[in-house]
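# Examining the three-dimensional arrangement
Spelled out from the first residue to the last, the chains are:
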Amino acid sequence: IGGGGAVSIGGLTLSAVVEALTGRCLDGLDQPLSATVVDSRKATPGTLFVALRGERADGHDYVMDAFSRGAVAAIVERDVAPEATVLDLTTEAWPETVSLPLVIRVPSSLAALQRVASFWRQRHPVRVVGITGSVGKTTTKELAAAVLARRYKTLKSEASYNNEVGLPLALLGLTDEHERAVLEMGMYDVGEISDLARIAQPHVGVVTVIAPVHLERAKTIERIVEAKSELLAALPAAPEGIAILNYDDERVREMAKATRARLFYYGLSPQADLWADQIEGLGLQGIRLQLHYGEETLSVKIPLLGRHSVHTALGAAVVGLAEGLTWQEIIEGLRGPSAQLRLVAVPGPRGSTILDDTYNASPTSTIAALNLLSELDGRKIAVLGDMAELGAYERDGHEVVGMRALDVADVLITVGPLGRIIGETALRWGMPAERVHLLNTNAEAVELLKRLVDEHDIILVKGSRVLQMEDIVSALVEH
């Protein structure tokens, strides 16, 4: 989704889109669709473009751009392309003849996108795995998909396609070839995962961990628990439905009350169905651990960075077990190229190493990244930025990161007004002033690092998406 290329066998067609929205089949619309996009810049020949109204831009202003790039149809809420054939579902004005490009006018483009995705999902007898949690859901999704792909033709949601727009786009990539789909489900408040589950109809639900993320909107940790539990409540009853829960998180463990599905726990406790011990961090070489499942014990080494990745590996392994895979298939999936998605090590200037963890940040994930930094040899430089959407936990969350940075970092560089709290906390608790740099912008951080970095330094770069700290990594790599 979002790119070009030919449609696989049994892929989405324009006739299926019209049938989903009207209940009617129109002649002459067997046009295969190569992709469904909401960004006209991603339109390619054969694309369906959905014009959505956003906070910063209105997709209706880019319909003609999408057509110029090869889009064959657009879903819109208002008139935008006078020369195109219009199928107006707001008035049921049906054209006498249909030609491309086709404009389908609807009361709500978002509702239409979701309706088409739900229709398309119902046409495919694929088993769906839904993954949610405050931290680790994207990496778990990638790893679970890699495991399932060892046996099944598997669809996975791309990038951060985890909301009311992204999840439907992912589902529209289903073809007759797919046997499994692994979808990430995000939320800001109660009710949103319920809506996603109604569209996706998951059979398996995975909850990774509950942490104070998105408190700015959800307000309380209890509402986050309630919202994440919606995935489990949507699962079918056992044996078809399977709920996979992190046993080590008490809040997640308690979510078992929300589901009729079969329960499957993972964690570091022997009380879990799949559990691990003898965990050894191998720095940039990955982790070594021992897995226990029933009477079976396996010693494995996998290329995931940091001890916190053990739970990611366990969650993905349980998905494989639940779907009938052998241990050989599961371990091959865990060792595959998709294993390390978020935090990656890249060469830096003057023989240094950069730990690029710039995708996003929360107190939990930042402390996990600092823990990895602590395991590595070399001077440790932590470049930490604002952590957004923490609500009432904003100051406490940044202070607890500052305390951990004090213990780990030889040099601490902070970016942004909230990042400053991290640095000020470290200073207050005894970190020497010459080792702490409180900066306002990424550009300042780049200039400082260019002067500061030396051979064998390990540089962790992490912050929330709003700061775009990947620019720091790109500049250092170029340098």
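Right above here is the structure, for reference.
In this text the structure is predicted, and so the values were computed from the model without any measurement.

### Regarding the pairing of strand β8 (residues 180–184)
- For β8, the tally of buried residues reaches five of five residues, placing the bulk of the element in the interior.
- Alternating positions in β8 separate into two faces, Arg180, Val182 and Glu184 on one and Ala181 and Leu183 on the other, with burial throughout.
- By the bridge criterion, five bridges tie strand β6 (residues 127–132) to β8 in an arrangement that is parallel. Residue pairing for β8: glycine 130 is matched across the bridge by leucine 183.
- Pairing of strand β7 (residues 154–156) with β8 involves three bridges; the strand directions are parallel. By the bridge assignment for β8, lysine 156 is matched with valine 182.
- Traced from β7 through helix α5 (residues 166–171) to β8, the parallel crossover comes out right-handed.

### Topic: the pairing of strand β2 (residues 47–50)
- Because side chains alternate across β2, one face comprises the buried residues Thr47 and Phe49, and the other comprises Leu48 and Val50, equally buried.
- As paired strands, strand β1 (residues 35–37) and β2 are joined by three bridges and run parallel to one another. Its bridge partner being in β2, threonine 36 is matched across the sheet by leucine 48.
- Sheet topology note: the β2/strand β3 (residues 73–76) ladder contains three bridges and is parallel. Residue pairing across strands places leucine 48 opposite alanine 73, the latter belonging to β3.
- Once you follow β2 into helix α2 (residues 63–68) and on to β3, the crossover reads as right-handed.

### Concerning the nonpolar core
- Core analysis: the biggest nonpolar cluster contains 47 residues, and Val17, Leu21, Ile75, Ile104, Leu167 and Leu171 have the highest contact counts within it.
- When near neighbours in sequence (up to four residues on either side) are disregarded, isoleucine 75 contacts Val17, Leu21, Leu48, Phe49, Val50, Ala51, Ile104, Val106, Ser109 and Ala112.
- In this structure, Phe264, Leu291, Leu321 and Ile331 belong to the second largest nonpolar core, which totals 38 residues.

### Remarks on helix α1 (residues 14–22)
- A large share of α1 lies buried, amounting to seven of its nine residues.
- Three or more residues of α1 are buried, namely Leu14, Ser15, Ala16, Val17, Val18, Ala20 and Leu21.
- In this structure, the buried residues of α1 make contact with β2, β3, β4 (85–88), β5 (102–105) and α3 (109–122).
- Downstream of α1 by one or two residues, glycine 23 has phi in the positive range, about 80°.

Reading guide: rules and limits
Residues numbered from 1 in each chain as written. Predicted model: local features only at pLDDT ≥ 70, side-chain atom pairs only at ≥ 80, totals over all residues. Heavy atoms only, no water. Buried < 20%, exposed > 50% of the residue type's maximum accessible area, 1.4 Å probe, protein only. Helix = DSSP H or I, 4+ residues; strand = E, 2+ residues; numbered from the N terminus. Pairing = 2+ DSSP bridges. Right-handed = clockwise from strand over helix to strand, strands pointing away. Core = buried A, V, L, I, M, F, W, Y, C linked by side-chain atoms within 4.5 Å. Contact = heavy atoms within 4.5 Å.

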